Amino acid sequence: MIEPLPPRPEPRRQWYRRLRDRLATLLITAGGVGVVVAVLAIGVFLALEVAPLFLGAEASVGWRELWQGRWQPGTLPGEAPAYGMLPLAWGTLKAAFWALLFAIPLALGAAIHSALYMPPRLRSRLKPTLEMMEAMPGVVVGFVAGLVLAPWVERHLAGALALALLLPAGMLLAGLAWTWLPPGLRRRLAPGWAGLWLMPWLALLAALSLWLSPALEALLFGGDLRHWLDARFGLDYAARNALIVGLAMGFAVIPGIYALAEDALTGVPASLGEGAQALGATRWQSLWRVVLPAAAPGVFSAVMIGAGRAVGETMIVLMASGNTALMTLSPLEGMRSMSATIAIELPEAVPGGVHYRLLFLAALALFAFTFLVNTLAELVRARLRRRYRRLGAAS
C-alpha cells in the first residue's frame, strides 16, 4: 500500500524556516569574516606602532642595530643602550626546538599506539585524560618547572641524565624481550595494553638509575658532573636552562599534537591497513607505507600547530628559562624569548619610546611568524590531501 505524502507546510511556516536558515547563514558568515578582520586589524595595529622606528623624521633605530648580538635597553648612565634583537629571536627558536624535540616523538608515538593498537575500552578512558591536560594553564606548568623540576635536576644532574638514557633503552629492551616470550604469555601481554604492563618495568628502571647515579658519578666524573662538564667541554650549567624549558613546554604541547594526530590516524579507513597486511605486509610496514601517508595531512597540521604554540608560549619560558639574553648552542644554559621579554619589559617601557616600539616589533615578529607557519601548514595539508585523494581514486 502506498503511503500518502505528508502535508505540505503552511506558507507562513515556510517563511519562518527560510528566515531562520538565512539568519544562521548570515551569523556564521559574519563570524568568519569577523575573525579574519580581527586578525588583520591586530597586524595593522602592530605595524602602525612599529613604523615610526624606521620611517620619517622619528626614525631612531637602524636595521643593523637590530642584528646585534646584545639586548640591553636599560643601561647605566653614560652607557649606550643595545637594541640587538637577535638573542631574543635565538632564544625563542631554541626554546621551541627543545620543546618539539621532546614533544613530537612522544605525542606521535602515543597517537599511533592509541589509534591503531590500543583496545577501545582503554582508549576511551585514556584519550579524554590526555586531552584534558591541554587545559592546564601555562603558569602552573611554568611554576612547577621553575620551582620544583629545575632545583631537583640541579641536585640530581647525574640521575636525570641516567633517566634520559635508560628509559628509552629500557623500552626498546622490553619490546625485544617481548618477542622472545612464549606465545601464551605474549597473548596475555598484548601490545595494546603495553602502556600498563610497561609501567612497573619503567618504574624499576627509574629507581635503579637514581640509586646507581651517585656511584656512577663518583666513578666516571670525579664525583661532580657539573664541574666535569665545565672542565672538559666548557659547559656552564644554569639551574633554569633550555632543557628545563623543553621538558615543561613539551609537556604543555604534547596534548594538542596528540589529539589532532590521533584524530587524523583514526580517520584512516581500517580497510587500508588490513588490505596491506592481507597482501603480506607486516603491521610495521602497513603503518609506515599505508596508514601514516594517508594521515600525513592531519599529522603535519598537528605538528605545525604545536610549533606555533611553542613559539608563542610566554609563562613557561618566563618562569623556567632564567631570562638571560644569551646566544649559545648549549642546552644547559638559559635564554630569553621574545614573548617573555614583552611580558617583563612592556610595563616599564615609556610609551612612544624606542624601547616601547621595539617590544611591539617583537610582537609583530611573533605575529608574522605564527601567521606564516599556520598558512604554510594549511597549504601543505591541502596539497597532501589532494595528492592522496588522487592516489586513492587511482587505486
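For the structure, see preceding data.
Residues numbered from 1 in each chain as written. Predicted model: local features only at pLDDT ≥ 70, side-chain atom pairs only at ≥ 80, totals over all residues. Heavy atoms only, no water.

Student: Can you lay out the side chain of Arg336 for me, pointing to particular residues and giving the numbers?
Tutor: Secondary-structure assignment places Arg336 in the loop between helix H15 (315-320) and helix H16 (338-345). A polar contact of 3.2 Å, which involves the side chain of Arg336, links it to the side chain of Glu345. When residues no more than four places from it in sequence are discounted, the contact partners of Arg336 are Pro87, Leu88, Gly91, Thr92, Asn323, Thr324, Ala325, Thr341, Ile344 and Glu345. (Helix = DSSP H or I, 4+ residues; strand = E, 2+ residues; numbered from the N terminus. Polar contact = N/O pair within 3.5 Å; in protein donor to acceptor, adjacent residues only side chain to side chain. Contact = heavy atoms within 4.5 Å.)

Student: Provide a residue-level description of the pattern of salt bridges, including the pertinent values.
Tutor: By the definition in use, this model includes eight salt bridges. Between Arg123 and Glu262 there is a salt bridge, with its nearest N and O atoms 2.6 Å apart. Here Glu262 lies in helix H11 (residues 242-266) and Arg123 lies in helix H4 (residues 120-132), a separation of 139 residues in the sequence. With its nearest N and O atoms 3.2 Å apart, the salt bridge here joins Glu313 to Arg309. (Salt bridge = Lys/Arg side-chain N within 4 Å of Asp/Glu carboxyl O.)

Student: So what's going on with the environment of Ala107? Residues and values would help.
Tutor: Within the element layout of this structure, Ala107 appears in helix H3 (residues 86-116). Relative accessible area serves as the criterion here: at 0%, Ala107 is assigned to the buried category. Each C-alpha atom, one on Ala107 and one on Leu210, is 26 Å from the other, the two residues being 103 residues apart in sequence. (Buried < 20%, exposed > 50% of the residue type's maximum accessible area, 1.4 Å probe, protein only.)

Student: Residues and numbers for the packing of aromatic side chains, please.
Tutor: Aromatic ring pairs are described here by two measures, namely the spacing of the ring centres and the angle between the planes. The tally for this structure, following the rule as stated, stands at eight aromatic pairs. The interplanar angle of 65° and the centroid separation of 6.4 Å between the aromatic rings of Trp71 and Tyr83 together place this pair among those described as edge-to-face. Residue Trp71 is located in strand S1 (residues 71-72), and its partner Tyr83 is located in strand S2 (residues 82-83); the two are separated by twelve residues in the primary sequence. The same class applies to Trp71 as to Tyr83, namely buried. A connected cluster of aromatic rings, assembled from ring pairs, spans Phe45, Tyr356 and Phe360. (Phe/Tyr/Trp six-rings, centres within 6.5 Å; stacked < 30°, edge-to-face > 60°.)

Student: Please set out unusual backbone geometry residue by residue, giving values where relevant.
Tutor: Backbone geometry follows two general trends: most residues other than glycine have a negative phi, and most peptide bonds adopt the trans configuration. Non-glycine residue Asn323 carries a positive phi angle of around 55°. The topology assignment puts Asn323 in the loop between H15 and H16.

Student: Give me the lowdown on the nonpolar core, citing residues and values where you can.
Tutor: If you look at the biggest cluster of nonpolar residues, it comprises 66 residues, and the most contacted ones within it are Trp71, Met85, Val245, Met249, Val253, Leu265 and Leu358. In this view, Leu358 contacts Leu53, Leu66, Trp71, Tyr83 and Met85; residues no more than four positions away in its chain are not counted. (Core = buried A, V, L, I, M, F, W, Y, C linked by side-chain atoms within 4.5 Å.)

Student: Outline the environment of Leu147, listing residues and values.
Tutor: Among the structural elements, Leu147 can be located in helix H5 (residues 138-155). C-alpha separation for the pair Leu147 and Ala310, spaced 163 residues apart in sequence, amounts to 21 Å.

Student: Let's hear about the side chain of Lys94: which residues, and what values?
Tutor: Position of Lys94 relative to the elements: it lies in helix H3. Beyond its immediate sequence surroundings of up to four residues, Lys94 is in contact with Ala242, Thr328, Leu329, Ser330, Pro331, Glu333, Gly334 and Met335.

Student: Run through H3, naming residues and quoting values.
Tutor: With 31 residues, H3 should reach 45 Å at 1.5 Å per residue; the first-to-last C-alpha distance of 44 Å fits that figure. Where H3 bends most, at Ala103, the angle is about 30°, and the proline Pro105 comes one to four residues later. (Expected span 1.5 Å × (residues − 1). Bend = angle between axes of the 7 residues up to and from the residue.)

Student: Break down a nonpolar patch on the surface for me, with residues and values.
Tutor: On the surface, a nonpolar cluster with roughly 650 Å² of combined accessible area is contributed by Met136, Val139, Val140, Phe143, Val144, Leu147, Val148 and Phe251. Examining the composition of the nonpolar patch, we find that six residues originate from one element, H5, more than from any other. For Phe143, the position within the fold is in helix H5. (Patch = residues over 30% accessible without salt bridge, like charges linked within 9 Å, V, L, I, M, F, W, Y side chains within 5 Å. Areas by Shrake-Rupley, 256 points an atom, 1.4 Å probe, with all protein chains shown as cover.)

Student: Describe the packing of H5 against H11, and please don't skip the residues or the numbers.
Tutor: At their nearest, the axes of H5 and H11 sit 10 Å apart, and the two run at 140° to each other. On the basis of the axis angle, H5 is oblique to H11. Crossing geometry of H5 relative to H11 is assigned as right-handed. Contacts between H5 and H11 involve Val141, Ala145, Leu149, Ala150 and Val153 from the first element and Ile244, Leu247, Ala248 and Phe251 from the second. Residue composition of the contact of H5 with H11, grouped by class: nine nonpolar, no polar and no charged. (Axes fitted to C-alpha atoms, helices over the stretch in contact; angles between N-to-C directions. Parallel < 35°, antiparallel > 145°, perpendicular 65-115°, else oblique. Left-handed = near helix turned anticlockwise from the far one by under 90°. Nonpolar A, V, L, I, M, F, W, Y, C, P; charged D, E, K, R; others polar.)

Student: Describe in detail helix H6 (residues 157-179), supporting the description with residues and values.
Tutor: Between its first and last C-alpha, H6 extends 34 Å over 23 residues, near the 33 Å set by a 1.5 Å rise per residue. Buried residues of H6: Leu157, Ala158, Gly159, Ala160, Ala162, Leu163, Gly170 and Ala174, and no others. Those residues of H6 that are buried are in contact with H5, helix H9 (199-220) and helix H10 (225-233).

Student: So what's going on with the packing of H6 against H9? Which residues, and what values?
Tutor: As a packed pair, H6 and H9 sit with axes 8 Å apart at the nearest point and diverge in direction by 140°. Compared by their axis directions, H6 and H9 come out oblique. In the packing of H6 onto H9, the handedness of the crossing is right-handed. Note on element contacts: H9 touches H6 through Trp201, Leu202, Leu205, Ala206, Ser209, Leu210, Ser213 and Glu217, opposite Ala158, Gly159, Ala162, Leu163, Leu166, Leu167, Gly170, Met171, Leu173 and Ala174. Looking at the contact of H6 with H9 residue by residue, the class counts come to 13 nonpolar, four polar and one charged.

Worth remembering: the numbers are spatial, not functional.
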